[in-house]
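Below are the chains, spelled out letter by letter.
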Amino acid sequence: TLMTIAVLVTRFTGFSNLLIIDSYTLSSVYGFLIGAAFSGVVGVGFYPLLGNRVWCRFGCPMAAYLGIIQRMKLKFTVNKKEHIIKSKFRITTNGGQCISCGNCSTYCEMGIDVKAYAQRQEDIVRASCVGCGICSAVCPRGVLRLENE
């Protein structure tokens, strides 16, 4: 209430001091406190609804960048031969040996249903996949591979 009154008074009258309170100082402190509260609510409060690593999955710019890089393929031709360069890190599947144990999906820190990709024998190409390789490390059959070339 105090913040709303201070903003309205400053906006319509041009005076930034209300009694002994400077509205600009109040605004910066209020912004910091609200920002901290909302980042706490988003970062921790939505865990029961959205699973773990809410910030990493939905807000982190580095995760988005890594996901976009993972999807990129560069094509170039040298001496009439076409070359394709994929991103450095990629999770691939190597056949239909998946036993549906679910370890990959359980341990995926980005909340991806890796098991569904493995059962369909598809490489994991999702913007949310950062290519950490945990799913390939916990796979008992070696169906998933972290390629880094």
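Higher on the page you've got the structure.
Report on the accompanying structure. (Residues numbered from 1 in each chain as written. Predicted model: local features only at pLDDT ≥ 70, side-chain atom pairs only at ≥ 80, totals over all residues. Heavy atoms only, no water.)

**Remarks on the overall build of the chain**
Cut-off, in case you're wondering: For the purposes of this entry, the term helix denotes a DSSP run of H or I that reaches at least four residues, the term strand denotes a run of E that reaches at least two, and both are numbered from the N terminus. Relative accessibility under 20% of the residue-type maximum defines a buried residue, over 50% an exposed one, and the middle range a partly exposed one, all with a 1.4 Å probe and only protein chains included. Residues are treated as being in contact if the distance between any of their heavy atoms lies within 4.5 Å. Methods summary: accessible areas were calculated by the Shrake-Rupley approach with a probe of 1.4 Å, and residue burial reflects only the protein chains presented.
If you tally the helices and strands in the chain, you get eight helices and six strands. Secondary structure of the chain in N-to-C order comes out as α-β-β-α-α-α-α-β-β-β-α-α-α-β. Out of the 149 residues belonging to the chain, those deemed buried represent 23%. Summarising the internal contacts of the chain: among those between residues at least 6 apart in sequence, 51% fall at separations of at least 24. Just so you have it, the chain exposes about 10300 Å², and 61% of that area is on carbon and sulfur atoms.

**A word on the pattern of salt bridges**
Put simply, the rule is: Any Lys or Arg side-chain nitrogen located within 4 Å of an Asp or Glu carboxyl oxygen qualifies as a salt bridge.
Under the defined criterion, the tally for this structure stands at one salt bridge. Between R120 and E122 there is a salt bridge, with its nearest N and O atoms 3.4 Å apart.

**With respect to the nonpolar core**
The cut-off we apply is this: For the purposes of this section, nonpolar cores are sets of buried Ala, Val, Leu, Ile, Met, Phe, Trp, Tyr and Cys residues that join through side-chain atoms within 4.5 Å.
Counting 14 residues, the largest nonpolar core has I91, I112, V114, I124, C135 and L144 as the members making the most contacts within it. In terms of residue count, helix α7 (residues 114-119) provides more of this core than any other element does, three residues in total. Once residues lying within four places of it in the same chain are set aside, the contact partners of C135 are I91, C104, V114 and L144.

**Observations regarding the packing of aromatic side chains**
What counts here: Centre distance within 6.5 Å is the pairing criterion for rings of Phe, Tyr and Trp, where only the six-membered ring of Trp is used; planes under 30 degrees apart are then read as stacked, over 60 as edge-to-face, and the remainder as tilted. Consider the ring centre and the ring normal. A charge sits over the ring if Lys NZ or Arg CZ is within 6 Å of that centre and within 35 degrees of that normal.
Under the definition given, this model contains zero aromatic pairs. The ring of Y117 has R120 lying over it, and the distance from NZ or CZ to the ring centre is 5.0 Å.

**What about the side chain of T93?**
Mapped onto the elements of the fold, T93 is located in strand β5 (residues 90-93). Dropping the residues within four chain positions of it, T93 is found in contact with Y117, A118, Q121, E122, D123, V143 and L144.

**Quick look at the state of the cysteines**
Test applied: When the sulfur atoms of two cysteines come within 2.5 Å, that pair is taken as a disulfide.
Tallying each qualifying case throughout the model produces zero disulfides. Lacking any disulfide linkage, C132 is separated from the closest cysteine sulfur, that of C135, by 6.3 Å. On the basis of relative accessibility, which here comes to 48%, the residue C132 falls in the partly exposed class. In this structure C139 is not part of a disulfide, and its nearest cysteine sulfur, from C101, lies 6.1 Å away. We classify C139 as buried; its relative accessible area is 17%.

**What to know about a nonpolar patch on the surface**
Defined as follows: Residues enter patches when their relative accessible area tops 30% and they take part in no salt bridge; the joining distance is 9 Å for like charges and 5 Å for the nonpolar side chains Val, Leu, Ile, Met, Phe, Trp and Tyr.
A surface patch of nonpolar side chains, amounting to about 650 Å² of accessible area, comprises Y30, I34, F38, V41, F46, L49 and L50. With four residues, helix α2 (residues 23-45) is the single largest residue contributor to the nonpolar patch. Within the secondary structure, V41 sits in helix α2. Given the relative accessible area of 41%, V41 is considered partly exposed.

**A few points about helix α1 (residues 2-13)**
To be explicit about the condition: Take the number of residues in a helix, subtract one, and multiply by 1.5 Å to get its expected span. Comment: arc refers to directions from the helix axis out to C-beta atoms.
The terminal C-alpha atoms of α1, which comprises 12 residues, lie 16 Å apart, in line with the 16 Å expected from a rise of 1.5 Å per residue. Here α1 has its buried residues at M3, A6 and T10. Viewed end-on, α1 has its buried residues packed into an arc of 65 degrees, placing them on one side of the element. Exposed residues lying more than 90 degrees from the buried face of α1 are R11 and F12. Note on α1: the residue one or two positions beyond its end, G14, has a positive phi of about 90 degrees.

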